[in-house]
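Structural overview for review
Spelled out from the first residue to the last, the chains are:
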Amino acid sequence: MFTRSIAALLLAAVATPAAAATVVLDFDAARGTNGRTGYVYGPWIEDGFQVSANRCSTSNTCFVTTGTTLSSLDRTGAALTNFQGNAVTTIARVGGGAFALDSLDIANNYGNFSGYGPATMDVDFTFNFADGSSLARTYVLANTAGQRLTVNSLTFDLAPLSSFSFTPRAGSSGFAQFDNIRLSDVAAAAVPEPATWAMMIGGFGLVGGAMRRRRTLVAA
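Below: a short report on this structure. (Residues numbered from 1 in each chain as written. Predicted model: local features only at pLDDT ≥ 70, side-chain atom pairs only at ≥ 80, totals over all residues. Heavy atoms only, no water.)

In this section: the overall build of the chain. For the chain, the helix and strand inventory stands at two helices and twelve strands. Counting from the amino terminus, the chain carries its helices and strands in the arrangement α-β-β-β-β-β-β-β-β-β-β-β-β-α. The proportion of buried residues among the 220 residues of the chain is 39%. Residue pairs in contact within the chain that sit at least 24 positions apart in sequence constitute 73% of those at least 6 positions apart. Surface exposure of the chain reaches about 11,800 Å², of which carbon and sulfur atoms provide 57%. (Helix = DSSP H or I, 4+ residues; strand = E, 2+ residues; numbered from the N terminus. Buried < 20%, exposed > 50% of the residue type's maximum accessible area, 1.4 Å probe, protein only. Contact = heavy atoms within 4.5 Å. Areas by Shrake-Rupley, 256 points an atom, 1.4 Å probe, with all protein chains shown as cover.)

Below, the structure written as structure tokens:
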């Protein structure tokens, strides 16, 4: 029993995963002057991640921030909206690398009261995994009549991703705004310190010695 306990502790010291760091892309730095609409030219980069669209370049407008708090996901900061209708918005690490998608907020670009947006909107998501596989999902976003814009908070818990993208489905609505994209590092096994390696090797030596003594006693 004692020998097994030592072995379990030594393995735990090696197998304990490193804590995963989390970032939230809130786009507040993109807010226009005095709360008015702000324009984003080229991909948006924040906290080591890049948000890009397929219908713009570094010299053209990719995204806008919603001009009024009445129709914005973020009442005090900013949320991004794809500038071109039905554009594909893609999120990936700058320079590449795997990550986890935890959650995000997404909605129609207008409240249903405005007459510009439907009561619901379909958004197609594509999740690209680090192993080269992909997953497609469609989410139906609510936009309840008679209220201000409805915030749809989606939870994913998908990893390890190399990128993911989304686009409003054709015929549903051409524009979608999004905010508070929560992304995490992919938890990796911790690399033992040199002192940990020494302790582990010494511990396995003690385990081996104890097992040899036990065999000797049994043979006697």
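Let us look at the state of the cysteines. Across all of its chains, the model carries one disulfide by this definition. In this model, Cys 56 is linked to Cys 62 through a disulfide, with the two sulfur atoms separated by 1.8 Å. Between Cys 56 and Cys 62 the disulfide shows an S-S torsion of about 75°. By sign, it is right-handed. Each member of the pair Cys 56 and Cys 62 is classed as buried. (Disulfide = S-S within 2.5 Å.)

With that settled, consider a nonpolar patch on the surface. A grouping of Tyr 39, Tyr 41 and Phe 83 is seen on the molecular surface, where their side chains present a nonpolar patch of about 340 Å² in accessible area. On the secondary structure map, Phe 83 appears in the loop between β6 (80-82) and β7 (89-93). (Patch = residues over 30% accessible without salt bridge, like charges linked within 9 Å, V, L, I, M, F, W, Y side chains within 5 Å. Salt bridge = Lys/Arg side-chain N within 4 Å of Asp/Glu carboxyl O.)

On to the pattern of salt bridges. Counted by the stated rule, this structure contains two salt bridges. Asp 185 is paired through a salt bridge with Arg 93; the nearest N and O atoms lie 2.4 Å apart. Remark: Arg 93 occurs in strand β7 and Asp 185 occurs in the loop between β12 (176-184) and α2 (194-219); sequence separation between them is 92 residues. With a closest N to O distance of 2.9 Å, Asp 124 and Arg 169 form a salt bridge. Here Asp 124, found in strand β9 (residues 120-129), pairs with Arg 169, found in the loop between β11 (152-168) and β12; they are 45 residues apart in sequence, far enough to count as distant. For Arg 169, a relative accessible area of 35% puts it in the partly exposed group.

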